[in-house]
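# Coordinates in review
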Amino acid sequence: GGGEPKNFLVRNHYYFNEEINPDTTRSLIINLHEVALTITNACIETGNKPADIELHINSNGGSLSDALQIVQVIKDIQGGKACQIGDALVPIKVNTHIEGEADSGASLIACVGNHRTCSKYAMSLIHPMRAMDVMPKTQEEQEVAIANNKNWNKIYKGVYLEHSKLTEEQLDTMFKTETYYTPEQLVEFGLVDEVV
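In this text, all values refer to a predicted model and were calculated from it rather than measured experimentally. (Residues numbered from 1 in each chain as written. Predicted model: local features only at pLDDT ≥ 70, side-chain atom pairs only at ≥ 80, totals over all residues. Heavy atoms only, no water.)

## Considerations on the pattern of salt bridges
The condition that has to hold: For this analysis, a salt bridge means a side-chain nitrogen from Lys or Arg found within 4 Å of a carboxyl oxygen belonging to Asp or Glu. Every helix listed is a DSSP run of H or I at least four residues long, and every strand listed is a run of E at least two residues long, numbered separately from the N terminus.
The tally for this structure, following the rule as stated, stands at four salt bridges. Taking the shortest distance from any N to any O, the salt bridge between Glu162 and Lys75 comes out at 3.1 Å. A residue pair is termed long-range when its members are at least 10 positions apart, and Glu162 in helix H5 (residues 139-162) and Lys75 in helix H3 (residues 64-78) qualify at 87 residues. One salt bridge connects Lys157 with Asp172, and the closest N-O pair in it is separated by 2.3 Å. With Lys157 in helix H5 and Asp172 in helix H6 (residues 168-174), the pair connects residues that are 15 residues apart, well separated along the chain.

## Some details on empty space enclosed by the protein
The criterion, for reference: Here a cavity is any set of points on a 1 Å grid over the protein atoms alone where a 1.4 Å probe fits but cannot get out, and a pocket is any open set with protein on both sides within 12 Å along at least 5 of 7 lines; a residue lines the site when it has an atom within 4 Å of a point. Grid points are joined across faces, edges and corners, and a volume is the space filled by probe spheres set on the points.
Under the criterion given, the structure shown has one cavity of 30 Å³ or more. Of the volumes computed, that of the largest cavity is approximately 50 Å³. Lining the largest cavity we find Ile98, Ser107, Ala110, Cys111, Ser124, Ile126, Tyr160, Leu186, Leu191 and Val192. At the level of secondary structure, the elements contributing two or more residues to the lining of the largest cavity comprise helix H4 (105-111) and strand E7 (124-126). It is H4 that contributes the most residues to the lining of the largest cavity, three residues altogether.

## Some words on the nonpolar core
Rules: What is meant by a nonpolar core is a set of buried Ala, Val, Leu, Ile, Met, Phe, Trp, Tyr and Cys residues, joined one to another through side-chain atoms within 4.5 Å. Only protein chains enter the accessibility calculation, which uses a 1.4 Å probe. A residue is then buried if its area is under 20% of the maximum for its type, exposed if over 50%, and partly exposed in between.
Counting residues in each nonpolar core, the largest one holds 48 residues, and the members touching the most others are Ile53, Leu55, Ile109 and Tyr160. The greatest single-element share of this core, amounting to eight residues, is contributed by H3.

## Digging into the environment of Leu166
As a reminder, the rule being used: Residue contacts are defined here by distance: any two heavy atoms, one from each residue, within 4.5 Å place the two residues in contact.
Topologically, Leu166 is positioned in the loop between H5 and H6. Other than its neighbours up to four places away in sequence, Leu166 contacts Leu161, Leu171, Met174, Phe189 and Leu191.

## So, H3
Count 3.6 residues to each turn of an α-helix, and residues three or four apart come out pointing the same way. In plain terms, the rule: To estimate the expected span of a helix, count its residues, drop one, and scale the result by 1.5 Å.
Across its 15 residues, H3 extends 21 Å between first and last C-alpha, which sits within 8% of the 21 Å expected from 1.5 Å per residue. By the burial criterion, the buried members of H3 are Leu64, Asp66, Ala67, Leu68, Ile70, Val71, Val73, Ile74, Ile77 and Gln78. Elements in contact with the buried residues of H3: helix H2 (22-46), strand E2 (53-59), strand E5 (94-102), H4 and H5. One or two positions beyond H3, positive phi appears at Gly80, with a value near 85°.

## Quick notes on the confidence of the model for the protein chain
Put simply, the test is: Scored from 0 to 100, pLDDT reflects the predictor's confidence in each residue.
Overall, the predicted model of the protein chain reaches an average pLDDT of 89, with 91% of residues at or above 70. Note that residues 1-9 has pLDDT below 50 and, in this model, five contacts with residues that lie over four places away or in other chains.

## Brief notes about H2
Basically, it comes down to this: Here a polar contact is recorded for every N or O atom pair within 3.5 Å, except that within protein the pair must consist of a potential hydrogen donor and a potential acceptor, and residues adjacent in sequence are included only if both atoms are side-chain atoms.
Its 25 residues place the ends of H2 36 Å apart at the C-alpha level, agreeing with the 36 Å of an ideal helix rising 1.5 Å per residue. Buried within H2 we find Thr24, Thr25, Leu28, Ile29, Leu32, Val35, Ala36, Ile39, Thr40, Ala42 and Cys43. With a side-chain oxygen lying 2.9 Å from the backbone nitrogen of Asp23, the N-terminal cap of H2 falls on Asn21. In the stretch just after H2, Gly47 is the one whose phi turns positive, near 75°.

## Concerning unusual backbone geometry
A positive phi angle is found at Ser104, which is not glycine, with a value near 55°. When you line up the elements, Ser104 lands in the loop between E5 and H4. According to the relative accessible area criterion, Ser104 is buried, its value standing at 9%.

## Focus on the packing of aromatic side chains
The criterion, for reference: Note on aromatic pairs: the rings of Phe, Tyr and Trp (six-membered ring only in Trp) are paired at centre separations within 6.5 Å, and the planes decide the class, stacked below 30 degrees, edge-to-face beyond 60, tilted for the rest.
If you walk through the whole model with that rule in mind, you get four aromatic pairs. Measuring from centroid to centroid gives 6.5 Å for Tyr160 and Phe175, while their planes differ by 80°, and the two rings are edge-to-face. Here Tyr160, found in helix H5, pairs with Phe175, found in the loop between H6 and strand E8 (179-181); they are 15 residues apart in sequence, far enough to count as distant. With respect to burial, Tyr160 and Phe175 carry one shared label: buried. Measuring from centroid to centroid gives 5.3 Å for Tyr181 and Phe189, while their planes differ by 80°, and the two rings are edge-to-face.

Structure, rendered in structure tokens:
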């Protein structure tokens, strides 16, 4: 019927307005999969190409490991691994929209979208992973904590390097401070495609 496109507009827009933690991550992942399945079923029924998922982000970040899990799920949906029709994979575009702020891990999620926008009223904070809360006691524990942090930051940087125009040198400089970047800077860095 004529109402379907409007329903899709509602169903494939997900607003993520929370801190990234295990509960909000689980909720987002479940919703992304449910939307992807709804879109795939609509393809089977109508024969039309899949609609896009629109992920609206306003988050001050949170858990890095949870953010990286969300990044992987988005890439699985984009690659067609989340939905299949028979043996055929159904790639679904996940477009990301920064509205308000996309800080820390949320900026990672935003940068992996197929088409990425940033509101002219929004900003994004990029910084290195912070040390774990527990203060290591011995020198050995401190050295291990530093090594762990370096390894996490390497993974973190890898996402930015894969999905932007940034070089490792630029990221190293950016990781020395906690800086909010404007929509125009995000476009210049290749972290978003357009300011809206």
